[in-house]
Amino acid sequence: MLLFPALLRATLVAAGLALSGAAFAHPHVWVTARAELLYEGGKVRAVRHHWTFDEGYSAVAVQGLDTNGDGKTTPDELAELARTNVESLVDFGYFTALKANGAKQRFGPPTNARMVYEKGQVTLTFDLPLNNPAGGRMVVLDVYDPTFFVDFRIADGDDAVTLSNGPGGCKMKITRPKPVTEEGKPLDEASFQSLTATTKDFAADYSARAMAICP
């Protein structure tokens, strides 16, 4: 079972969660994101993501995975789901964009995938290595789904995005966009399709963004 868009609707239908058309208005899944920029030798070598999925979808994702029937879904029981999902991320650009001094960076295959189910929510953690470590005065991280199928939001608090082993004197600035609305109301599916048909970077405008500014 995948957590990501390619199979999500089929999964929800199979689970009996395909309700009215309004239930499928964009977005379909909500993710609270945390991240660490992993530095080495003054350059970013990887992004470590921590994505916590909404309770509704988390409940669907873990169905049938308590293999020993003890009433708990453990990280070991979720290991295959974690691995399968991070392998699928390449089809969605890892939902991640990273620029160092304005230059877009490319990523290698994700590593260290793991998943926990706590307090009714699934959290997926994995490392996303850069093909080539990147340095620079400004590093900008965006986490978003271009189709706006999944709504990524950076967690509250100044520690939602951190630097690990980063250069001294760096400051982190986090931008949290307002909810997507039209005249103060959430977009329905028709409104969403109208916007995305005419606005190329609609999802990017509402992305969860963090900027590391270093001396």
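Residues numbered from 1 in each chain as written. Predicted model: local features only at pLDDT ≥ 70, side-chain atom pairs only at ≥ 80, totals over all residues. Heavy atoms only, no water.

**Brief notes about unusual backbone geometry**
- Backbone geometry at Asn-101 places phi at a positive 50 degrees, although glycine is not the residue there.
- Along the chain, Asn-101 falls in the loop between strand E3 (96-100) and strand E4 (103-104).
- In the Ramachandran plot, Asn-165 falls in the positive-phi region, its phi being about 65 degrees despite a non-glycine side chain.
- Note on Asn-165: relative accessible area 60%, which makes it exposed. (Helix = DSSP H or I, 4+ residues; strand = E, 2+ residues; numbered from the N terminus. Buried < 20%, exposed > 50% of the residue type's maximum accessible area, 1.4 Å probe, protein only.)

**Here's the deal with the layout of surface pockets**
- Taken as a whole, the largest pocket spans an internal volume of roughly 400 Å³.
- Lining the largest pocket are 18 residues, and of these Thr-96, Ala-97, Leu-98, Lys-104 and Tyr-144 lie nearest its centre.
- Contributions of two or more residues to the lining of the largest pocket are made by E3 and strand E7 (138-143).
- Top contributing element to the lining of the largest pocket by residue count: E3, with four residues.
- Of the residues that constitute the lining of the largest pocket, the class distribution is ten nonpolar, three polar and five charged. (1 Å grid on protein atoms, 1.4 Å probe; cavity = no way out; pocket = protein on both sides within 12 Å on 5 of 7 lines; lining within 4 Å. Points joined across faces, edges and corners; volume = space filled by probe spheres on them. Nonpolar A, V, L, I, M, F, W, Y, C, P; charged D, E, K, R; others polar.)

**Things to note about the state of the cysteines**
- In the structure shown here, the tally under the stated rule is one disulfide.
- The partner cysteine of Cys-170 in its disulfide is Cys-214, sulfur to sulfur 2.1 Å. When the S-S torsion is 110 degrees, as for the bridge of Cys-170 with Cys-214, the disulfide is right-handed. A residue pair is termed long-range when its members are at least 10 positions apart, and Cys-170 in the loop between strand E9 (161-164) and strand E10 (171-175) and Cys-214 in the segment after strand E13 (208-213) qualify at 44 residues. Taken individually, Cys-170 and Cys-214 each receive the classification buried, so the pair is uniform in this respect. (Disulfide = S-S within 2.5 Å.)

**Section: the confidence of the model for the protein**
- On average, the protein scores 80 in pLDDT, and the residues at 70 or more come to 73%.
- Below pLDDT 50 for its whole length, residues 5-25 participates in 32 contacts with residues either more than four positions away or in separate chains.
- Counting contacts from residues 181-185, a segment whose pLDDT is below 50, to residues more than four positions away or on other chains yields five contacts. (pLDDT = per-residue confidence, 0-100. Contact = heavy atoms within 4.5 Å.)

**Quick word on the environment of Gln-63**
- Following the sequence through the fold, Gln-63 ends up in the loop between helix H2 (55-61) and helix H3 (75-88).
- Sequence-wise, Gln-63 and Thr-73 are ten residues apart; in three dimensions their C-alpha atoms are separated by 9.2 Å.

**Overview of the packing of aromatic side chains**
- What the rule picks out here adds up to six aromatic pairs.
- Arranged with centres 5.2 Å apart and planes meeting at 45 degrees, the rings of Phe-95 and Phe-152 form a pair that is tilted. Separated by 57 residues along the polypeptide, Phe-95 in the loop between H3 and E3 and Phe-152 in strand E8 (residues 150-154) bring together distant segments of the chain. Here the two residues Phe-95 and Phe-152 agree in accessibility, since each one is buried.
- Put simply, the rings of Trp-51, Phe-92, Phe-95, Phe-126 and Phe-152 pair up and form one aromatic cluster. (Phe/Tyr/Trp six-rings, centres within 6.5 Å; stacked < 30°, edge-to-face > 60°.)

**What to know about the sheet that holds E4**
- Taken in spatial order, the five strands of this open sheet run E4-E3-E7-E13-E10, and their pairing is antiparallel. Whereas interior strands pair on both sides, the edge strands pair on one side only; in this sheet they are E4 and E10.
- By the bridge criterion, six bridges tie E7 to E13 in an arrangement that is antiparallel. Residue Val-140 lies in a different strand from E13, and its bridge partner there is Met-211. (Pairing = 2+ DSSP bridges.)

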